[in-house]
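Results of the structural survey
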Amino acid sequence: VPLIQAHLAPGMEAVEPVPPAVDLVLGASACCLACLFTNPLEVVKTRLQLQGELQAKGTYPRLYRGLVASVVAVARADGLRGLQKGLAAGLLYQGLMNGVRFYCYSLACQAGLSQQPGGTVVAGAVAGALGAFVGSPAYLVKTQLQAQTVAAMAVGHQHQHQSVLGALETIWRQQGLLGLWRGVGGAVPRVMVGSATQLATFASAKAWVQEQQWLPEESWLVALAGGMISSVAVAVVMTPFDVVSTRLYNQPVDGAGRGQLYGGLADCLVKICQQEGPSALYKGLGPAYLRLGPHTILSMLFWDELRKLASRAQHQDT
């Protein structure tokens, strides 16, 4: 079976290219594996980003303080299982969003876009936008499920969903099909900047590590080092959009399905800055990095290693 030749981004050239359809499966699988480990950090991050919503600093009780204390608070309020709230929706989101994202990115690389100046950034952004749109309903439910807790520890609006399917059914019944994509206007730029940064910096960082020859070229440590560098950039550029996205997804809606707190991305940004201060756009930055860091490292590491295995398997068949 002849290989589909793809022009991959720098840092991936040592691996034989795989078909985009294989990248779809590998990308989705890698990110779902990473999600199993990082979902508790996502729960904590969501609670921190909703805490003190549209309230001036110092005027509300801080129920969640930093990573360790927040983990303890969640475990006390919801039990240890509470640290995996929204896991099923998170896995669904990771599979949908990253399957589409890696598939589209692989197509762009195959077309030679990654060899053009700024090509990896453009390819990553477009692939991320498409993935975010497809996965938006799952992220909507995930956010709302992770925000739910006992009244004494509640932050943000409480939707009272009982399950992923129950949440999807409730939203469909009350708001119609478009209601499942409410908040997508915040999710698309969030994933666009995150995806572009992740894919571009991972490829460049991995290539740089290989050039330094500190590690064996085929070692998984090369991908690990690239992921560690990439995760720093992703956390910095993505967190403000992440805060906005969490707020848009979790806000209550009126009878017509319109958000009661925010009119959209720009309105949310303005209100947060005016009422909470610009620093509120980085609420939960620590847990966000600690979530994005391992997730970026694990997903890119799993993806890179799975691609090597798939490439070798196809090479043996030729």
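Every chain is numbered independently, its residues counted from 1 as its sequence is written. Residue-level local features of this predicted model are given only where pLDDT is at least 70; pairs of side-chain atoms are given and counted only at 80 or more, and the full residue set underlies all totals for whole chains, interfaces and linings. Remark: hydrogens and water are excluded; side-chain values derive from all non-hydrogen atoms of the structure.

**Here we look at the packing of aromatic side chains**
Under the pairing criterion, centres of Phe, Tyr and Trp rings, with the six-membered ring standing for Trp, must be within 6.5 Å; the plane angle then separates stacked pairs below 30 degrees from edge-to-face pairs above 60, leaving the rest tilted. Throughout the structure, instances matching the rule amount to 3 aromatic pairs. Pairing Tyr139 with Tyr249 gives two aromatic rings, centres 5.3 Å apart and planes at 45°, and the pair type is tilted. Here Tyr139, found in helix α4 (residues 119-147), pairs with Tyr249, found in helix α7 (residues 220-250); they are 110 residues apart in sequence, far enough to count as distant. Three or more aromatic residues link up through ring pairs in this structure, and these residues are Tyr93, Tyr139 and Tyr249. Only lysine NZ and arginine CZ atoms are considered, and such an atom sits over a ring when it is within 6 Å of the ring centre and within 35 degrees of the ring normal. Lys142 extends its terminal NZ or CZ atom over the ring of Tyr139, reaching a point 4.3 Å from the ring centre. Here a helix means four or more residues in a row that DSSP labels H or I, a strand means two or more in a row labelled E, and each is numbered from the N terminus.

**Considerations on the confidence of the model for the protein**
The predicted model of the protein averages 85 in pLDDT, with 90% of residues at 70 or higher. Known as pLDDT, the predictor's per-residue confidence is scaled from 0 to 100. The lowest-confidence element of the protein is helix α9 (residues 285-317), averaging 71 in pLDDT; the highest-confidence one is helix α8 (residues 265-275), averaging 96. Contact definition: two residues touch when any of their heavy atoms are within 4.5 Å. Note on residues 1-15: pLDDT under 50 across the span, and 49 contacts to partners over four residues away in sequence or across chains.

**Regarding the environment of Gly99**
Here Gly99 shows up in helix α3 (residues 87-110). Considering only alpha carbons, one finds Gly99 and Ala30, 69 residues apart in sequence, at a separation of 9.6 Å. Those residues within four positions of Gly99 in sequence are excluded, and the remaining contacts are Leu24, Ala28 and Gln94.

**So, unusual backbone geometry**
Despite not being glycine, Leu54 has its phi angle at roughly 55°, a positive value. With respect to the element layout, Leu54 can be found in the loop between α1 (20-50) and α2 (66-78). A positive phi angle, close to 60°, is found at Gln160, a residue other than glycine. Residue burial is assigned from relative accessible area. The probe radius is 1.4 Å, only protein chains are included, and a residue is buried under 20% of its type maximum, exposed over 50%, and partly exposed in between. The exposed category is assigned to Gln160, whose relative accessible area is 53%.

**Section: α7**
For α7, built from 31 residues, the straight-helix expectation of 45 Å at 1.5 Å per residue is missed by more than 12%, its first-to-last C-alpha distance being only 38 Å. The bend at a residue is defined as the angle formed between two axes, one fitted to the seven residues ending at that residue and one fitted to the seven starting there. Along α7, the largest kink reaches about 50° and is centred on Met238; proline Pro240 follows within four residues of it. Expected helix span is computed as 1.5 Å times (number of residues minus one).

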